[in-house]
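Chain by chain, the residues:
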Protein chains: 2
Amino acid sequence: MSNKNNVSISVIRRLPRYYRFLNDLLMQDVERISSDKLANIMGVTAPQIRQDLNCFGGFGQQGYGYNVLELKNEISKILGIKNKLDTILIGVGNLGRAILTHIDFDSKGFNFIAAFDKDSEIIGKKLFGKEILDINNIDEFFKINKPVIAILCIPKSESDIVYKKLISLGIKGFWNFSHFDLSVDNKDIIVENVHLEDSLLTLCYRVNELK
Amino acid sequence: MSNKNNVSISVIRRLPRYYRFLNDLLMQDVERISSDKLANIMGVTAPQIRQDLNCFGGFGQQGYGYNVLELKNEISKILGIKNKLDTILIGVGNLGRAILTHIDFDSKGFNFIAAFDKDSEIIGKKLFGKEILDINNIDEFFKINKPVIAILCIPKSESDIVYKKLISLGIKGFWNFSHFDLSVDNKDIIVENVHLEDSLLTLCYRVNELK
């Protein structure tokens, strides 16, 4: 039984990590695991795991632990991975290409349907089987297609206008790799900002602290 | 005055974001800013900002607010950006190339000195002015060079052996993009794991919740 209401964002952010570790366990043919053992390999505490999973109804059995495949499937359902959200990429530079190469969208609940750019040199070429389309023709595209997710790999200078345009066309979720925080004053729009440079600066601080 | 001891990891993780916003303010020629105003544009509270910055001695003046340039420079010092840590890339695939293209390492406290791969087709070619070297010759490289940071863009299957090898050679910090958590049981080694797929799955959950 899943009870998604009022689950805190920090619990939600931990779910993908459970999902990743459970996938790894399945690859190692592990069929069941105690919360103590799972906590140990994940570097968290067993009460934390039980508390997190209880937000969605809890899935373990006392004295048995968790069935790895069942728990993975439950978390997959909670995350909504099977829904396959139609997704477009805005900005086909090195980063955009790398993201499409590196990430297995299909297994993560997304269906990549098109990429857009403004560079006439690449418009019309193929990217992972889909044609790179002219960003200036995006209205036409939305008359036939209804993507809900946009991956933004564009310069900061273009971000504001593109963001507003995409919302007006019906985009509900942004995976933002551009060097700015998309601000969310609309509760019906979800933004995941990925700030690689923030992570790098944290590493910088922590390594300098070692000296 | 900086007092870095006992600063919590969550405060440290917020510093790069302050740094980013202060840079943006400077680009807009903003010379000084109140903590209320800064809090407003960053989407946090003014007490949070004052509390975070007080961990390092505090930098504002009552009735004046913060001098943007001074505060940026202080945070830059705290982060250790000027130290220019020598950095190598392990794994020159799409993702490795994209990271080198996308990130301005020099302005973030890092000095990119070499890239390594095992693919004979690309070994010897240039990447951002540095030769791509054979990973099998990495011991030779470390006899002359002393990089402290490694960016890992390698498959999970190779991660463990590469990680241990690099630690034995003297690497102190890892920026890890591979699909696994590097576990840290050595307090003298710093790891920043970047799990793009975890962020994507969080987006998946949150957009599905909208329906």
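Anything mentioned here points back to the structure above.
Predicted, not measured: the structure shown is a model, and the values here were computed from it. (Residues numbered from 1 in each chain as written. Chains lettered and ligands numbered in written order. Predicted model: local features only at pLDDT ≥ 70, side-chain atom pairs only at ≥ 80, totals over all residues. Heavy atoms only, no water.)

(A) Spotlight on the layout of surface pockets. Roughly 960 Å³ of internal volume is contained in the second largest pocket. The wall of the second largest pocket is formed by 42 residues, among which Cys153, Ile154, Pro155, Lys156 and Ser178 of chain A lie closest to the centre. Elements with a minimum of two residues in the lining of the second largest pocket: α5 (94-102), β4 (110-117), α6 (138-144), α7 (156-169) and α8 (196-210) of chain A together with α1 (9-27) and α5 (94-102) of chain B. Taken together, the residues of the lining of the second largest pocket sort by class into 18 nonpolar, 12 polar and 12 charged. (1 Å grid on protein atoms, 1.4 Å probe; cavity = no way out; pocket = protein on both sides within 12 Å on 5 of 7 lines; lining within 4 Å. Points joined across faces, edges and corners; volume = space filled by probe spheres on them. Helix = DSSP H or I, 4+ residues; strand = E, 2+ residues; numbered from the N terminus. Nonpolar A, V, L, I, M, F, W, Y, C, P; charged D, E, K, R; others polar.)

(B) Representation of the nonpolar core in the model. Counting 54 residues, the largest nonpolar core has Trp175 of chain A together with Trp175 of chain B as its most contacted members. Among all residues touching tryptophan 175 of chain B, those that are not within four sequence positions of it are Leu196, Ser199, Leu200 and Leu203 of chain A together with Ile99, Ile103, Phe105, Ala150, Ile151, Leu152, Glu192 and Val194 of chain B. (Core = buried A, V, L, I, M, F, W, Y, C linked by side-chain atoms within 4.5 Å. Buried < 20%, exposed > 50% of the residue type's maximum accessible area, 1.4 Å probe, protein only. Contact = heavy atoms within 4.5 Å.)

(C) Representation of the packing of α1 of chain B against helix α3 (residues 46-54) of chain B within the structure. All names here are of chain B. Close contact between α1 and α3 brings their axes to 11 Å; oriented N to C, the two are set at 110°. When the interaxial angle is binned, α1 and α3 end up roughly perpendicular. Seen from α1, the contacting residues are Val11, Arg14 and Tyr18; seen from α3, they are Gln48, Ile49 and Asp52. Looking at the contact of α1 with α3 residue by residue, the class counts come to three nonpolar, one polar and two charged. (Axes fitted to C-alpha atoms, helices over the stretch in contact; angles between N-to-C directions. Parallel < 35°, antiparallel > 145°, perpendicular 65-115°, else oblique.)

(D) Broad picture of the pattern of salt bridges. In this structure the tally under the stated criterion is 22 salt bridges over all chains. The closest approach of N and O atoms between aspartate 24 of chain A and lysine 156 of chain B, which form a salt bridge, is 2.7 Å. Residue aspartate 24 of chain A is found in helix α1 (residues 9-27), and its partner lysine 156 of chain B is found in helix α7 (residues 156-169); the two belong to separate chains. Here lysine 156 of chain B falls in the partly exposed class, since its relative accessible area comes to 36%. (Salt bridge = Lys/Arg side-chain N within 4 Å of Asp/Glu carboxyl O.)

(E) Up close: the sheet that holds strand β9 (residues 190-193) of chain B. Residues and elements named next belong to chain B. Taken in spatial order, the seven strands of this open sheet run β5-β6-β4-β3-β7-β8-β9, and their pairing is mixed. The sheet is open, and its two edges are formed by β5 (126-127) and β9, each paired on a single side. One ladder, built from three bridges, connects strand β4 (residues 110-117) with strand β6 (residues 130-134); its direction is parallel. Looking at the pairing, phenylalanine 116 lines up with leucine 133 of β6. (Pairing = 2+ DSSP bridges.)

(F) Inspection of empty space enclosed by the protein at higher detail. For the structure shown, the criterion picks out one cavity of 30 Å³ or more. In this structure, the largest cavity encloses a volume near 70 Å³. Lining the largest cavity are Arg20 and His102 of chain A together with Leu95, Phe177, Ser178, His179, Val194, His195, Leu196, Glu197 and Asp198 of chain B. Of the residues assigned to the lining of the largest cavity, the class counts are four nonpolar, four polar and three charged.

(G) A look at the interface of chain B and chain A. Counting residues at the interface gives 63 residues for chain B, matched by 63 residues for chain A. Where chain B abuts chain A, roughly 5,900 Å² becomes buried across the two surfaces, and 65% of that area is made up of carbon and sulfur atoms. Three residues, Leu200, Leu201 and Tyr205 of chain B, lead the burial of chain B against chain A; their summed loss comes to 12% of the area buried on that side. In this structure, the connection of chain B to chain A is made through eight salt bridges. Residue aspartate 198 of chain A pairs with arginine 20 of chain B through a salt bridge whose shortest N-O separation is 2.6 Å. (Buried area = accessible area lost by both parts, 1.4 Å probe.)

(H) Structural view of the environment of leucine 166 of chain B. Residues and elements named next belong to chain B. Relative to the assigned elements, leucine 166 resides in helix α7. Classification of leucine 166 by relative accessible area gives buried; the value is 1%. Measuring from C-alpha to C-alpha, the distance between leucine 166 and proline 16 comes to 27 Å, with 150 residues separating the pair along the chain. Not counting chain neighbours up to four residues away, the residues in contact with leucine 166 comprise Ile88, Ile90, Ile138, Phe142, Ala150, Leu152, Ile171 and Phe174.

Shape descriptors only; they carry no functional weight alone.
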